[in-house]
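Structure at a glance
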Amino acid sequence: MSIATFETSMGTFKAELYTDKMPITCGNFIDLANSGFYDGIHFHRVIPNFMNQFGCPKAKDPNHPSAGTGGPAPNTSFQSCDGQTMSRTRDGGIPDELTARITNDVGTLSMANTGRPQSGGSQFFINVAHNSFLDWFDSSTPSAHPVFGKVVENLDLVKKISNVPTRSDNPIQPIKMIKVRVA
């Protein structure tokens, strides 16, 4: 079992990664986390009773006007959790892993994307409500956000983050990810 530890400026929480069910998505996340990619990035979108979004490198500046539009370096490679060498696209995206029917329930980690194929890269969100309309297998909307993990320690902190005062969904008092590591 792989556990991701998220050390933020508001405290620490942990999440189990579904490496057996989502080997590509988890491998990408583990590569980014353990290389320090997420260190120093701020949450750029938090919405009460919905989710907290994170992972855009442009959000190292918490007020960057393009926060939410960045991703990992293009054409880079990583190891999936089932041993495959994978390549990110020219936009830094990874293959859509629409295989495991895991719902976007409270506390789950889910890949953010633009709606275009292979547009998920480094950004993800943590659900603070059951958002089944974001499930890739829910035909009521075109959303397709695959779940790849779940918070297993300090979900209260994740919910607290979603309730901070915001301006256009961006926390007024920046919330920094000091570091993310997976063991």
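Above this note sits the structure.
To keep things clear, this report deals only with the structure shown in the data block. (Residues numbered from 1 in each chain as written. Predicted model: local features only at pLDDT ≥ 70, side-chain atom pairs only at ≥ 80, totals over all residues. Heavy atoms only, no water.)

Here we take up unusual backbone geometry. In this structure, Asn49 takes a positive phi of about 60 degrees despite not being glycine. Looking at the secondary structure, you find Asn49 in the loop between strand E3 (45-47) and strand E4 (51-54). With relative accessibility at 67%, the residue Asn49 sits in the exposed group. Even without a glycine there, the phi angle at Asn75 is positive, about 55 degrees. The residue Asn75 is located in the loop between E4 and strand E5 (77-79) in this model. (Helix = DSSP H or I, 4+ residues; strand = E, 2+ residues; numbered from the N terminus. Buried < 20%, exposed > 50% of the residue type's maximum accessible area, 1.4 Å probe, protein only.)

Take Ser122: it is sitting in the loop between strand E7 (108-111) and strand E8 (124-127). By relative accessible area, Ser122 is classed as buried at 2%. Separated by 2.8 Å, the side chain of Ser122 and the backbone oxygen of Gly55 make a polar contact. (Polar contact = N/O pair within 3.5 Å; in protein donor to acceptor, adjacent residues only side chain to side chain.)

The next subject is helix H1 (residues 23-34). Since the α-helix advances by 3.6 residues per turn, residues separated by three or four positions end up pointing in the same direction. Compared with the 16 Å implied by 1.5 Å per residue over twelve residues, the 16 Å span of H1 between its first and last C-alpha is a close match. When you tally the buried positions in H1, you get ten out of twelve residues, the bulk of the element. For H1, the set of buried residues is Pro23, Ile24, Thr25, Cys26, Gly27, Asn28, Phe29, Ile30, Leu32 and Ala33. Residue Gly36 follows H1 closely and has a positive phi angle near 90 degrees. (Expected span 1.5 Å × (residues − 1).)

So, on to the packing of aromatic side chains. Taken as a whole and assessed by the stated rule, the structure comprises 14 aromatic pairs. Centroid distance Phe29 to Phe124: 5.4 Å. Interplanar angle 85 degrees. Geometry classified as edge-to-face. With Phe29 in helix H1 and Phe124 in strand E8, this residue pair connects regions lying 95 residues apart in the sequence. No difference in accessibility class separates Phe29 from Phe124, as the two residues are buried. For the ring pair Phe37 and Tyr38, a centre distance of 5.4 Å and an interplane angle of 85 degrees mean the geometry is edge-to-face. Counting every residue linked through ring pairs, the aromatic cluster contains Phe6, Phe13, Phe29, Phe37, Tyr38, Phe43, Phe54, Phe124 and Phe148. When the ring centre of Tyr18 is taken as reference, the NZ or CZ atom of Lys21 above it lies at 5.7 Å. (Phe/Tyr/Trp six-rings, centres within 6.5 Å; stacked < 30°, edge-to-face > 60°. Lys NZ or Arg CZ within 6 Å of the ring centre and 35° of its normal.)

So, about the pairing of E7. Because side chains alternate across E7, one face comprises the buried residues Thr108 and Ser110, and the other comprises Leu109 and Met111, equally buried. Here E7 pairs with strand E9 (residues 147-153) via three bridges, running antiparallel. When the sheet's bridge partners are listed, Leu109 is paired in E9 with Gly149. Taken together, the three bridges between E7 and E8 define a ladder with antiparallel strand orientation. (Pairing = 2+ DSSP bridges.)

If you trace the eight strands from one edge of the open sheet to the other, you get E3-E4-E8-E7-E9-E2-E1-E12, paired in antiparallel fashion. The strands lining the two open edges of the sheet, one partner per strand, are E3 and strand E12 (177-182). Shown here is a sheet whose adjacent strand axes are inclined to one another by a mean of 25 degrees, direction ignored. Across seven bridges, strand E1 (residues 2-8) lies against strand E2 (residues 11-17) in antiparallel orientation. Opposite Ala4, over in E2, you have Ala15 as the bridge partner. Packed onto the sheet, H1 meets E1, E2, E7, E8, E9 and E12 and runs at close to 125 degrees relative to E12. Sitting on the sheet, helix H2 (residues 155-162) is in contact with E1, E2, E3, E4, E8 and E9, with an inclination near 115 degrees to E2. (Axes fitted to C-alpha atoms, helices over the stretch in contact; angles between N-to-C directions. Contact = heavy atoms within 4.5 Å.)

Read these as layout, nothing more, since geometry by itself doesn't imply function.
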